[in-house]
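# Reading the structure
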Amino acid sequence: MTTHLTDPTDQTDLELHPGDEPFYLPVHNEVKVFRAAWKRELPILLKGPTGCGKTRLVEYMAHLLEVPLHTVSCHEDITSADLVGRYVITGGDTVWQDGPLTRSVREGGICYLDEIVEARQDSTVAIHSLADHRRELTLERQGGTVLRAAPGFALVVSYNPGYQSVLKDLKMSTRQRMVAIELSFPPPDVERSIVMREAGVDESTAAGLVQLGGAIRQLDGQGLKEVASTRTLIAAGSLMSEGLTIVEAAESAVAGPLTDDRRIHDGLVQMIRSYLD
Amino acid sequence: MARSLPDGLAAAGSSERRDPLDHWSLLASAVAGRAVDVVLTDRPRAYADGEAIHLPRRGFDDGIEEEDVMTTVVVQAMLLGAGSLEPAVVGHLTARRSLARRYLTLEAERAIRVRASFVPRRVAAVVSSHWSGSGSTSASESLDRARSREDVPDAPAAFGAVRPRALRQSGDQARGGAPSKLDEQGRTELVITPEMDDEEESESANFMKALSSPLNLFGENPLMKWMKQNLGVGSRPSPEGGGVDGEMPAGGASWGDDAGPDAAPVLAVASHLATAAPAVPPGRFTYPEWDAIEGCYRPDHCHVRELEPAHATEVVRPVPDAALQREIARLGLDYERHRRQLEGPDLDLEAVVDFTVSRARRHQADDRLYQVRLKTARDLAVLVLLDASGSTGDHRGARTIFDQERQVVANLVDVLERFGDRVGAFAFSSRGRGMVRFQRIKELDGRFDDTCLSRLAGVKPNGYTRLGAAIRHSTHVLAAGGGAANRLLLVVVSDGLPYDDGYEGAYADADTRRAIDEAVAEGVGCLCVSVGAAKGEDALAELWGSASQVRVDDPTDLGDAIGPLMRAALDVAAHRGGGACSA
């Protein structure tokens, strides 16, 4: 039997400091919708494939709206105490420690539950009263203390529709409380600018990588579980900035991570050579 | 930039033989926007049918540059993706080669615009350097222009050719096709029609066509061309169908049209290699078959192809079945941890910490401190395999057997999915060992949604039943896609006995039984459900074993019948397959 107590601060992997604005290039109206929903205190549901910029959008918005951000990467073993907080025993005393959700509620920040359906439903039950008009969090373990969310608080959850199994879908009642923002991979010209800026490569290189990415995204049902994301294209570009050739970089950052199947790998390498060489 | 190919014939002759074209199929699929294979052909020019791009074997023998292969693959793939090769349009090009080549030039220019984002820059440059006249806006416009007197050059050999007949044939197969009379009779002889060919068509037919089409006489003047070719005026002889124009490709000696008299020995070597190194691109699989007469396996004997069935406008709705739900609820369970229980064999540490905290704070403490493992977790992956052979098209009252089988599949998949099991559904049929078709209704991943239901409605009974290969492929799908599930089950919904070209009677039965044994050894439980009063019921029970086969009169009777069978099949697989878990 293994038991581990999670320090809730482990989950908070990002607190932004003023000044270091995350780079985000809006594709559609997502920034407008996000801002409107935040202003009207509506929770936000981000949908989109892996690596298309969901997390980056949230980081960018937190910076833009000047609120703290607490990100929780959800997984199956996460408990409600990991989100809300728990008492810990320190030298004979019991001390309450806020979880990331509770901290966001108190501070008026954004609490971002990444891949929320990975968490079991009983552990995310606390978000229901926060997601509707009440905007309250009940701390059962603190004798039922009710916290009212401070102004600026926003609940943002993300999920990747094509990715989860049947059992792991978001409950309809939860979904209906939310404003959905659907993200997909950016159009080629936007993605090109993103790759140029993030990886520090020239326009022609970025254009080649983006064309490769677009072509791989055409390969639906060809044995690839996921396609080349903007993130992988940036990774390939970054390797080039470190002196690798474009083919080496794309083989390492795009073909390798996408598949273990030798045949599909060879096919991807052929694509890389055709588009980039 | 151009290199010679890494795996040519030399690689094919080594101990690890691989098809030299496999690695082109992803590029082709990306450019076309749908799954396309790349395979070898003995024809002198590259061409595409609806499913694959065929590249001339001879080019590889001559050590063709990778750059030229890429140009051909991409041009043919973008023609597929841009709708340039729709049978309705290219049908007009049948046996009119010059027209087809002018059409190819026009369509390559159009396709490159339509698929611009997916065409490698180098190929785009090659295509635009060939011809940069004004572009067409549709395939039919290109057809009209190719027929007109407009000055359009022939496409170079590097672009390949258009073969209307190949496109039409594969189009029929890809769409599933309506069951023919032969299909419906189930056990009739397979009739293989020899492929008529555009380029092999007799010159007299060409001539007659030319005479009967005055428009074309004025356009490209095929009569003159015919006379030129056959009376030896102008161009040199070429091997295609006994001497049509054999121009050299624009880019030098790449895909030679002029194979010349030395073509035959090369082909002989190459066809030997083709059998030794079977092409297995993604979506295609080869399996051995058990030869009971010789007492050995025939390696790489059957070729299985996964396809996407056509979507129908209607859907097959699952009918709720309480008995089926009850049976399946009890099936395939595994242990999972339940925390915060009043009693149990282990302490729940988190509960103990909370308890200690509450006591220290003099709050009321929750004394559910234990954890226990209970058999409540779903641990089952099921593949439902629908027999879509032509014989299932027989009517039983108002509905066909196939309709009823389809209903069984819908009900079964629906219930399994509700319980959160991994469940996939495929329909299969065959036309000889080279063509065992698996139509993907639902993959093991993903939802059983309206798309799947309309795919299920879109499957048409057609062809025969090569059951052994179907079971072997299902076992592979389950083993590869069963995920974390330890209990794997294959449910075949079928009305009859295995039967196919060169696959009948004792031979077919023995191979099927062998395939079932292999599946069980892999830990996959197998059972067969048939609907309606089948004729050869005893034979069916004998084939599957009475404990693994059941017949129901109506899809709604499934619940009570299938539960014990599924449990038994899982038990057998668990014991024989060496797995520790049972149903």
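Definitions and limits used
Residues numbered from 1 in each chain as written. Chains lettered and ligands numbered in written order. Predicted model: local features only at pLDDT ≥ 70, side-chain atom pairs only at ≥ 80, totals over all residues. Heavy atoms only, no water. Pairing = 2+ DSSP bridges. Helix = DSSP H or I, 4+ residues; strand = E, 2+ residues; numbered from the N terminus. Contact = heavy atoms within 4.5 Å. Buried area = accessible area lost by both parts, 1.4 Å probe. Salt bridge = Lys/Arg side-chain N within 4 Å of Asp/Glu carboxyl O. Polar contact = N/O pair within 3.5 Å; in protein donor to acceptor, adjacent residues only side chain to side chain. Nonpolar A, V, L, I, M, F, W, Y, C, P; charged D, E, K, R; others polar. pLDDT = per-residue confidence, 0-100. Phe/Tyr/Trp six-rings, centres within 6.5 Å; stacked < 30°, edge-to-face > 60°. Lys NZ or Arg CZ within 6 Å of the ring centre and 35° of its normal. Axes fitted to C-alpha atoms, helices over the stretch in contact; angles between N-to-C directions. Core = buried A, V, L, I, M, F, W, Y, C linked by side-chain atoms within 4.5 Å. Buried < 20%, exposed > 50% of the residue type's maximum accessible area, 1.4 Å probe, protein only.

Residues and elements named next belong to chain B. As defined by bridge partners, strand β4 (residues 284–291) adjoins strand β5 (residues 296–307) across seven bridges and the pair is classed as antiparallel. Residue R284 lies in a different strand from β5, and its bridge partner there is R305. In this structure, the hairpin formed by β4 and β5 is closed by a connection of four residues, where G295 is found at a positive phi of approximately 70°. Pairing geometry for β5 and strand β13 (residues 436–442), over four bridges, is parallel. Across the sheet, L307 pairs through a bridge with Q439, a residue of β13.

In this complex, chain A contributes 36 residues to the contact, which on the side of chain B involves 46 residues. Of the roughly 3600 Å² buried at the junction of chain A and chain B (both faces included), carbon and sulfur atoms supply 52%. One can count two salt bridges joining chain A with chain B. With a shortest N-O distance of 2.5 Å, R273(A) and E66(B) are connected by a salt bridge. Here chain A is connected to chain B by nine residue pairs in polar contact (both at pLDDT 80 or more). The set of elements that each furnish at least two residues to the side of chain A that touches chain B consists of β3 (85–90), α9 (203–216) and α12 (262–276) of chain A. Here the element with the most residues in the side of chain A that touches chain B is α12(A); it accounts for 10 residues. A class-by-class count of the residues in the side of chain A that touches chain B yields 14 nonpolar, 14 polar and eight charged.

Residue and element names in this part refer to chain B. For chain B, the mean per-residue pLDDT works out to 74, and 74% of the residues sit at or above 70. Ignoring residues within four places in sequence, the model shows residues 172–280, a span with pLDDT below 50, making 169 contacts including any to other chains. Every residue in residues 579–583 scores below 50 in pLDDT, and together they form 15 contacts with partners more than four places removed in sequence or on other chains. For this predicted complex, the interface score ipTM comes out at 0.78, alongside a pTM of 0.61.

Per-residue confidence for chain A averages 84 on the pLDDT scale, and 88% of its residues sit at or above 70. For the stretch residues 1–18 of chain A, pLDDT sits under 50, and the model shows 42 contacts to residues farther than four places along the chain or on other chains.

Under the definition given, this model contains seven aromatic pairs over all chains. Ring centres of F426(B) and F438(B) lie 5.6 Å apart, and the angle between their planes is 55°; on these two criteria the pair is classed as tilted. Of this pair, F426(B) sits in strand β12 (residues 422–430) while F438(B) sits in strand β13, and the two are 12 residues apart along the sequence. Taken together through their ring pairs, the aromatic side chains of F426(B), F428(B) and F438(B) make up a single cluster. Over the face of the ring belonging to F185(A) we find R217(A), whose NZ or CZ atom lies 3.9 Å from the ring centre. One cation-aromatic arrangement involves R514(B) over W290(B); the distance from NZ or CZ to the ring centre is 3.6 Å.

Next up on the list: the packing of α12(A) against helix α2 (residues 25–32) of chain B. Viewed as axis vectors pointing N to C, α12(A) and α2(B) meet at an angle of 60°, and their least axial separation amounts to 7 Å. Between α12(A), through I264(A), G267(A), L268(A), M271(A), S274(A) and Y275(A), and α2(B), the contact on the second element is made entirely by L26(B), L27(B), A30(B) and V31(B). Of the residues that constitute the contact of α12(A) with α2(B), the class distribution is eight nonpolar, two polar and no charged.

Attention shifts here to the nonpolar core. In this structure, L268(A), M271(A), Y275(A) and M78(B) are the most contacted members of the largest nonpolar core, which totals 84 residues. The greatest single-element share of this core, amounting to nine residues, is contributed by helix α4 (residues 66–81) of chain B. Apart from the residues lying within four places of it in its own chain, the contact partners of L268(A) are I216(A), L219(A), L224(A), A255(A), L258(A), T259(A) and L26(B). L331(B), F402(B), L527(B) and L558(B) belong to the second largest nonpolar core, which has 43 residues in total.

Quick look at the sheet that holds strand β8 (residues 370–378) of chain B now. Residue and element names in this part refer to chain B. Strand order in the open sheet formed by three strands is β6-β8-β7, with antiparallel pairing between adjacent strands. If you trace the sheet from one side to the other, it starts and ends with β6 (333–341) and β7 (346–347), each paired once. As judged from the two bridges shared by β7 and β8, these two strands associate in the antiparallel manner. Within the sheet, the bridge partner assigned to D346 lies in β8 and is Q371.

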